[in-house]
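Spelled out from the first residue to the last, the chains are:
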Amino acid sequence: MIEASAPGKLFVAGEYAVVEPGGSAILVAVDRFVSVSGVDAEVGSVQSSHYGAEPRPWGVEAHDVVSAAIEVVGSLARDHGRTARPLALTIDSGLDDSDGSKYGLGSSAAVVVAIVRVLAEANDVPLDAQTTLRLALLATWAVNPAASGGDVAASSLGGWIRYRSADAAELLDRRERFGVAEALTGEWGSLAATPLPAPEGEPLLVGWTGSPASTAALVGRSRQGRAVRDADYRAFFAESDAAVSELGAAIARGDDDARASGIRHARAALAHYATLTGIEIETPALTELCAIAERHGAPAKSSGAGGGDCGIALAGRAVDRERLRAEWLAADIRPLDLRAWPHATTTTEAPAGVAATPRRTP
Ligand SMILES: Nc1ncnc2c1ncn2[C@@H]1O[C@H](COP(=O)(O)OP(=O)(O)O)[C@@H](O)[C@H]1O
Ligand SMILES: C[C@@](O)(CCOP(=O)(O)OP(=O)(O)O)CC(=O)O
């Protein structure tokens, strides 16, 4: 049996701007995982609670990320002159809560990355984190070419990362014309995924404000909705980029004040974007989440597409986290028990039962 897992993620800054090729974001992987196992089988299949009781055979016309991930690694194996080994895959997602709440922790990215890891291991295709990222991006874009891939980068690399997006259309075209193996090598334009040092003292606090509208719908609306003047969009893009640079540099040198300023600037850029597009990114519940955190001295903002889901706060050592969490709860905001992963103190250890890199068991 081969097993691998991949962590979920949260956006810290750069949402929406990162959708544009060359846009930047900061993300953090969190300690909830999607795990995938695979055993040799005559016919490839996938079992998941998403599909009901029966395993789904590979190759079924299902335009989803699971099929896309199987397809992309299969193509790579063929490009290397091998036939992809059929496996019976089982997907087990720990990203949603036992009561069925979905927190928007990037399940599609974690599923893709975990599947890519298992299949690559089964087919003896060695993968480093950057190659995993590229393969998982090709799979993700095959289903959603408008995705920035920031979530895929966080799932592939783990930890705190700075991400700059690539031109999906150009890379999909390269895959189409030259195959996956060829598409993987060579320039990926503006793509960059760089680890940042984990901030000291585990400052990440996460609150969940309820289920949002779908991200695809929000991103779609942002493009087709209110006609945004090019100059206005450019101003937002520059503002977001500056906030991400400020925050990335602050995290890199461990400067808490500059980190707080970076978060507040990223929040302001999103407010600007919401005004331009008419999208409600920061709902009243998210505004309340931020107000409570700010009263405790912790800078905060929405995380991801917004319209609900999670907000984050970065709490310095002086912040009374227990009181902050209690006030969130009293305001109907659910504090989530999440930490950055790998944890700052145990960077080499995976939690029990979690294989960051694929593992074979007899
Ligand atoms: N446990 C799972 N089993 C199979 N597919 C999954 C699972 N979790 C997520 N997915 C895939 O990921 C998609 C969810 O993607 P998306 O709506 O972007 O959510 P998220 O914001 O969590 O990434 C699903 O439609 C499905 O294709
Ligand atoms: C708007 C975005 O920049 C961020 C969306 O972040 P979310 O974390 O909300 O996304 P899902 O994982 O699909 O729930 C779109 C993108 O980067 O693709």
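Bear in mind the structure is a predicted one, so any value in this text is a computation, not a measurement.

A. Geometry of the state of the cysteines. All told, the structure shown has 0 disulfides when counted by the stated rule. Free of any disulfide, Cys 290 has its nearest cysteine sulfur in Cys 310, 12 Å distant.

B. Examining the packing of helix H10 (residues 284-295) against helix H11 (residues 321-330) more closely. Between H10 and H11, whose axes approach to 10 Å, the crossing angle comes to 155°. Looking at the two axes, H10 sits roughly antiparallel to H11. Between H10 and H11 lies a crossing whose hand is right-handed. Residues Leu 289, Ile 292, Ala 293 and Arg 295 of H10 lie in contact with H11, whose contacting residues are Leu 324, Glu 327 and Trp 328. The residue makeup of the contact of H10 with H11, split by class, is 5 nonpolar, no polar and 2 charged.

C. Highlighting the packing of aromatic side chains. A full pass over the atoms with the stated rule returns 8 aromatic pairs. Measuring from ring centre to ring centre gives 6.0 Å for Trp 141 and Trp 188, while their planes differ by 25°; the resulting arrangement is stacked. On the criterion of sequence distance, the pair formed by Trp 141 in helix H3 (residues 129-143) and Trp 188 in the loop between helix H6 (180-184) and strand S7 (192-196) is long-range, its members being 47 residues apart. Neither residue differs from the other here; Trp 141 and Trp 188 are each classed as buried. These aromatic residues form a ring-pair network of at least three members: Tyr 16, Tyr 233, Phe 236, Phe 237 and Tyr 273. The side chain of Arg 234 reaches across the aromatic face of Phe 237, ending 5.4 Å from its centre.

What counts as what
- Residues numbered from 1 in each chain as written.
- Chains lettered and ligands numbered in written order.
- Predicted model: local features only at pLDDT ≥ 70, side-chain atom pairs only at ≥ 80, totals over all residues.
- Heavy atoms only, no water.
- Disulfide = S-S within 2.5 Å.
- Axes fitted to C-alpha atoms, helices over the stretch in contact; angles between N-to-C directions.
- Helix = DSSP H or I, 4+ residues; strand = E, 2+ residues; numbered from the N terminus.
- Parallel < 35°, antiparallel > 145°, perpendicular 65-115°, else oblique.
- Left-handed = near helix turned anticlockwise from the far one by under 90°.
- Contact = heavy atoms within 4.5 Å.
- Nonpolar A, V, L, I, M, F, W, Y, C, P; charged D, E, K, R; others polar.
- Phe/Tyr/Trp six-rings, centres within 6.5 Å; stacked < 30°, edge-to-face > 60°.
- Buried < 20%, exposed > 50% of the residue type's maximum accessible area, 1.4 Å probe, protein only.
- Lys NZ or Arg CZ within 6 Å of the ring centre and 35° of its normal.

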